[in-house]
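Structural overview
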Amino acid sequence: MLSYFLKRLFSLVPLLLGITFISFLIIHLAPGKPSYLKEMNPRISAEAQERLIRLYQLDKPILVQYIHWLKRVIKLDFGNSFADGRKVIVRIRERLPITLLINALSLFFILLFAFPVGIISSLKPNGVFDKCTTLFVFIGFSLPSFYLALLLMLLFGIKLGCLPISGIVSFNHSQLSSGERILDIAKHLILPVSVATFGGLAGFSRYVRANMIEVLKQDYIRTAYAQGIGRGRIVCKFALKNALLPLITILGLSVPGLLGGSVILESVFAIPGMGRLLYEATLSRDYPLIMGGVVIGAVLTLLGNLIADLCYAWADPRIRYQ
Amino acid sequence: MSRRFILSGSLIIGILIILALFAPLLSPYDPNKIDVENILSPPSKAHILGTDSLGRDLLSRILYGTRVSLKVGVVAVGIALLIGVAIGALAGYCSGRIDALLMRFVDIMLCFPTFFLLLSMVAFLRPTVFNIMLIIGLTSWMGVARIVRAEVLSIKEREFIRYIKAMGAGDMRIVSKHILPNVLPSILVVGILRMGGAILTESALSFLGLGVQPPIPSWGSILMEGKSVMDIAWWMSVFPGIAILLTVLGYNLLAEGIRTLAISRS
């Protein structure tokens with residue numbers, strides 16, 4: 001296991017280099033020289049522009065620029081935000097927990113619903129239940145998350161007026177008792193987490209279904225039936241275990257989608273998370289903050305994949321000895 | 001099943017194309033005509049879907065929005081297919097080091113949360129319609145490359161390719177004349193699927209105010225306006241979304257139909 005872990009860890013190095021290099025290239029997407037940045041963001045003062053040139057060493061040859069940028073990134077130094085002059089990494093760190101919380105919650109609910117839905121529809125492919133879920137899946141794939149968010153806000157926030165539609169705390173949050181505070185946050189999270197869950201549910205229930213159908217065709221399942229073992233036991237104990245394995249990888253792969261989705265989700269619901277931070281940074285063309293966010297987002301994805309791979313190797317010994 | 005998918009999908013998209021082409025004829029009003037006397041009027045006989053905060057007719061704006069959406073879908077996917085097919089075919093056909101290098105590049109691109117990448121590019125480029133399409137294309141070719149590579153890898157080992165090679169055909173000719181035509185069905189499916197995705201992305205960007213800029217009517221930017229008047233004008237945030245949902249649904253149904261048809265044929 002340890003050698004597998006080290007091998008995986010080592011393979012991340014070229015990916016990390018690549019991530020930093022591509023992020024670096026984005027800075028150079030802007031045609032022309034830093035004066036163009038001034039045109040994009042007229043509020044950039046001459047001094048800020050000077051700082052930007054120094055930050056990325058824009059007046060040096062391109063390879064020097066990259067190595068300089070890499071040296072800073074390794075130390076997690078992305079410079080200071082234009083908006084308030086604080087360190088980019090500090091600003092991201094204080095916004096990250098709420099984004100991770102919402103994503104973790106919605107992943108939990110996605111799994112909670114995707115398993116029963118996927119398993120039941122895999123038992124009778126093309127049955128009534130399967131057809132209904134297929135319809136649901138198509139709508140789930142085609143419905144923009146922000147539109148669903150708007151509809152829910154309209155229904156629960158405005159028509160029924162029973163749920164808060166923006167932020168994560170009420171105005172009087174600081175005057176509440178600690179129990180009420182948790183309840184207050186939970187209430188604010190209902191709509192965002194529902195929207196995020198709905199978005200992921202369609203795809204995930206499909207994966208569960210496809211994997212289960214594949215596994216249920218295997219010889220060992222037929223053998224189990226021949227031995228007279230009950231259907232419930234076969235599905236839950238024998239088939240599910242093997243169908244679960246590929247899903248670990250899918251979970252790891254869903255990290256970038258979830259993080260990217262939080263940009264929209266947090267902007268709609270005015271949640272002070274990393275997605276909204278990046279959105280605000282884009283609106284105000286806060287370049288150091290944007291670049292920091294992009295690199296951190298990619299590194300988080302890499303970590304998600306690494307964790308998924310390790311879980312897979314832990315759950316399936318065949319992987320470790322390949 | 002697949003027939004019904006293809007039929008309903010192409011019906012939706014066919015209608016949308018007609019709506020986009022004939023938007024000037026079908027729209028009851030000029031989509032940009034400001035009418036201060038009819039600000040935010042609810043759906044009525046004069047304005048079937050109501051008006052927005054400048055008194056512009058919502059139905060006309062949604063009809064014109066079809067143009068932007070369809071265009072973004074086609075051009076962004078065109079760019080994505082161009083890059084994806086080139087990289088996928090090169091990696092699959094050359095294999096070895098070039099393959100490893102190119103696929104590593106794809107892996108790296110997939111590490112970036114798409115929306116983070118989009119935002120960073122938006123911040124550095126002017127928000128013209130073409131730039132939006134370019135950015136969406138540049139961030140969505142990776143899946144295409146992977147699919148094309150896998151197919152090229154399997155096709156190039158087949159008997160008939162070896163035969164053509166023995167006859168002395170050059171690499172360029174083998175790839176373009178003999179391998180790629182066999183990959184075409186998969187490219188078609190992934191292309192149609194990505195069109196729905198590109199339209200979703202554009203509407204999301206416009207919804208955030210980072211995509212198609214006013215006064216060009218786009219479904220996403222109408223929804224953004226709708227959000228700010230949500231408590232007094234529900235029609236603004238309901239109708240444009242239905243247009244997005246139906247369009248993307250059309251592409252998804254069509255792609256799924258073609259996919260299952262291709263599987264059942266082979």
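Residues numbered from 1 in each chain as written. Chains lettered and ligands numbered in written order. Predicted model: local features only at pLDDT ≥ 70, side-chain atom pairs only at ≥ 80, totals over all residues. Heavy atoms only, no water.

1. Some thoughts on the overall build of chain B
To keep it simple, the criterion reads: The numbering of helices and of strands both runs from the N terminus, where a helix is a DSSP run of H or I of at least 4 residues and a strand a run of E of at least 2. Exposure categories follow from relative accessible area, calculated using a 1.4 Å probe and restricted to protein chains: below 20% of the type maximum is buried, above 50% is exposed, and the middle band is partly exposed. Accessibility throughout is a Shrake-Rupley quantity obtained with a 1.4 Å probe, and a residue counts as covered only by protein chains that appear here. Counted charges follow a simple rule, with Lys and Arg positive, Asp and Glu negative, and His plus the chain ends left uncounted. Charge coordinates come from a single atom per side chain, which is NZ of Lys, CZ of Arg, CG of Asp or CD of Glu.
Each helix and strand counted, chain B has eleven helices and zero strands in total. With the C-alpha coordinates of chain B rotated into their principal frame, the extents come out at 75 × 40 × 25 Å. By residue count, 54% of the 266 residues in chain B fall in the buried class. When the accessible surface of chain B is split by element, carbon and sulfur atoms take 68% of a total near 11,900 Å². Here chain B contributes 23 positive and 15 negative side-chain charges, whose respective centroids are spaced 10 Å apart.

2. Considering the overall build of chain A
This is how it is decided: Note on contacts: a residue pair is in contact if any heavy atoms of the two residues lie within 4.5 Å.
Regarding its fold elements, chain A presents 14 helices and zero strands. Reading chain A from its N end, one meets helices and strands in the order α-α-α-α-α-α-α-α-α-α-α-α-α-α. In terms of principal-axis extent, the alpha carbons of chain A reach across some 80 × 55 × 40 Å. Within chain A, contacts between residues at least 6 apart in sequence are counted, and of these 70% link residues at least 24 apart. By element, 68% of the accessible surface of chain A is carried by carbon and sulfur atoms, the whole surface being about 16,000 Å².

3. Regarding the packing of aromatic side chains
Residues and elements named next belong to chain A. For clarity, the threshold we go by: Aromatic pairs are defined between Phe, Tyr and Trp rings, using the six-membered ring for Trp, whenever the two ring centres lie within 6.5 Å; interplanar angles under 30 degrees are classed as stacked, those over 60 as edge-to-face, and all others as tilted.
Evaluated as defined, the whole model comprises twelve aromatic pairs over all chains. Look at F24 and Y66: their rings are 5.4 Å apart centre to centre, the planes differ by 55°, and that puts the pair in the tilted class. Here the residue F24 occupies a position in helix α1 (residues 2-27), and Y66 occupies one in helix α4 (residues 62-74), the gap between them amounting to 42 residues. We classify F24 as buried; its relative accessible area is 2%. Look at Y66 and you get buried, because its relative accessible area is 11%. A connected cluster of aromatic rings, assembled from ring pairs, spans F21, F24 and Y66.

4. Some words on the interface of chain B and chain A
For clarity, the cut-off: Salt bridges are defined as contacts in which a side-chain nitrogen from Lys or Arg sits within 4 Å of a carboxyl oxygen from Asp or Glu. Counted as a polar contact is a pair of N or O atoms within 3.5 Å, where, for protein atoms, one must be capable of donating a hydrogen and the other of accepting one, and residues adjacent in sequence contribute only when both atoms are in side chains. Polar here means any residue outside two lists: the nonpolar Ala, Val, Leu, Ile, Met, Phe, Trp, Tyr, Cys and Pro, and the charged Asp, Glu, Lys and Arg; Gly therefore counts as polar.
Chain B puts 44 residues into the contact, and the matching count from chain A is 53 residues. For the pair chain B and chain A, the number of links is zero salt bridges. At the surface where chain B touches chain A, the tally comes to seven residue pairs in polar contact (both at pLDDT 80 or more). Broken down by secondary-structure element, the contributors of at least two residues to the side of chain B that touches chain A are α4 (96-111), α5 (114-124), α9 (171-207), α10 (219-228) and α11 (234-265) of chain B. Element by element, the count of residues in the side of chain B that touches chain A is highest for α11 of chain B, at twelve residues. Across the side of chain B that touches chain A, the residue classes break down as 33 nonpolar, five polar and six charged.

5. As for the side chain of N103 of chain A
Here N103 of chain A lies in helix α5 (residues 88-123). By relative accessible area, which is 11% here, N103 of chain A ends up buried.

6. A short note on unusual backbone geometry
A cis amide bond links P214 of chain B to the next residue, P215 of chain B, at an omega of 10°. Checked against the element boundaries, P215 of chain B lands in the loop between α9 and α10.

7. Some remarks on the confidence of the model for chain B
Regions with low pLDDT should not have their predicted coordinates read in detail. Note the cut-off: Scored from 0 to 100, pLDDT reflects the predictor's confidence in each residue.
Looking at chain B as a whole, the pLDDT averages 91, with 100% of positions reaching at least 70. Both scores are available for the predicted complex, with the pTM at 0.90 and the ipTM at 0.91.

8. Re the nonpolar core
Proteins that are soluble and globular tend to have nonpolar side chains buried together. Formally: Buried Ala, Val, Leu, Ile, Met, Phe, Trp, Tyr and Cys residues that are joined via side-chain atoms within 4.5 Å together make up what is termed a nonpolar core.
If you look at the biggest cluster of nonpolar residues, it comprises 133 residues, and the most contacted ones within it are W69 and F269 of chain A together with F115 of chain B. In terms of residue count, helix α13 (residues 287-315) of chain A provides more of this core than any other element does, twelve residues in total. V208, I221, I234 and A239 of chain A belong to the second-largest nonpolar core, a separate cluster that totals 18 residues.

9. Describing helix α6 (residues 128-142) of chain A
Note the threshold: To estimate the expected span of a helix, count its residues, drop one, and scale the result by 1.5 Å.
An ideal rise of 1.5 Å per residue puts 21 Å on 15 residues; α6 of chain A measures up with 22 Å between its terminal C-alpha atoms. For α6 of chain A, the full list of buried residues reads D130, T133, T134, V137, F138, G140 and S142 of chain A. Next to the buried residues of α6 of chain A lie α5 and α8 (178-216) of chain A together with α1 (2-21), α9 and α11 of chain B.

10. Examining the packing of helix α11 (residues 255-268) of chain A against helix α12 (residues 274-283) of chain A
The axes of two packed helices give the description: the angle between them and the distance between them. All names here are of chain A. Using the following cut-off: Here the axes come from fitting lines to C-alpha atoms, over the contacting stretch only for helices, and the angles between their N-to-C directions go from 0 to 180 degrees. Angles below 35 degrees are treated as roughly parallel, those above 145 as roughly antiparallel, those between 65 and 115 as roughly perpendicular, and all remaining angles as oblique.
Close contact between α11 and α12 brings their axes to 7 Å; oriented N to C, the two are set at 85°. Here α11 is positioned roughly perpendicular relative to α12, judged by the angle of their axes. Mapping the contact onto sequence places S262, V263, E266 and S267 in α11 and M274, G275, R276 and Y279 in α12. Split by residue class, the contact of α11 with α12 holds three nonpolar, three polar and two charged.

11. Concerning the environment of F204 of chain A
All names here are of chain A. Structurally, the position occupied by F204 is in helix α8. Taking C-alpha positions, F204 is 9.7 Å from V117, a pair spaced 87 residues apart along the chain. Residues contacting F204, with those up to four places away along its chain left out, are I110, L111, A114, L247, I250 and L251.

12. Brief notes about the pattern of salt bridges
Counted under the stated rule, the structure contains 17 salt bridges over all chains. The residue E94 of chain A makes a salt bridge to R86 of chain A at a minimum N-O spacing of 2.8 Å. By relative accessible area, which is 46% here, E94 of chain A ends up partly exposed. With relative accessibility at 33%, the residue R86 of chain A sits in the partly exposed group. Here E256 of chain B makes a salt bridge to R259 of chain B, at a shortest N to O gap of 3.2 Å. With a gap of three residues between them, E256 of chain B and R259 of chain B both fall in helix α11, about one helical turn apart. With a relative accessible area of 37%, R259 of chain B lands in the partly exposed category. What you see here is one network of salt bridges that share partners, running through D84, R86, R91 and E94 of chain A.

13. Description of a nonpolar patch on the surface
Residues and elements named next belong to chain B. Convention followed: Candidate patch residues must exceed 30% relative accessible area and have no salt bridge, after which like charges are joined if within 9 Å and Val, Leu, Ile, Met, Phe, Trp or Tyr side chains if within 5 Å.
On the surface, a cluster of nonpolar side chains totalling about 610 Å² of accessible area is made up of I17, I18, L21, F22, L25 and L26. Among the elements that take part in the nonpolar patch, α1 stands out by supplying three residues, more than any other. Mapped onto the elements of the fold, L25 is located in helix α2 (residues 23-26).

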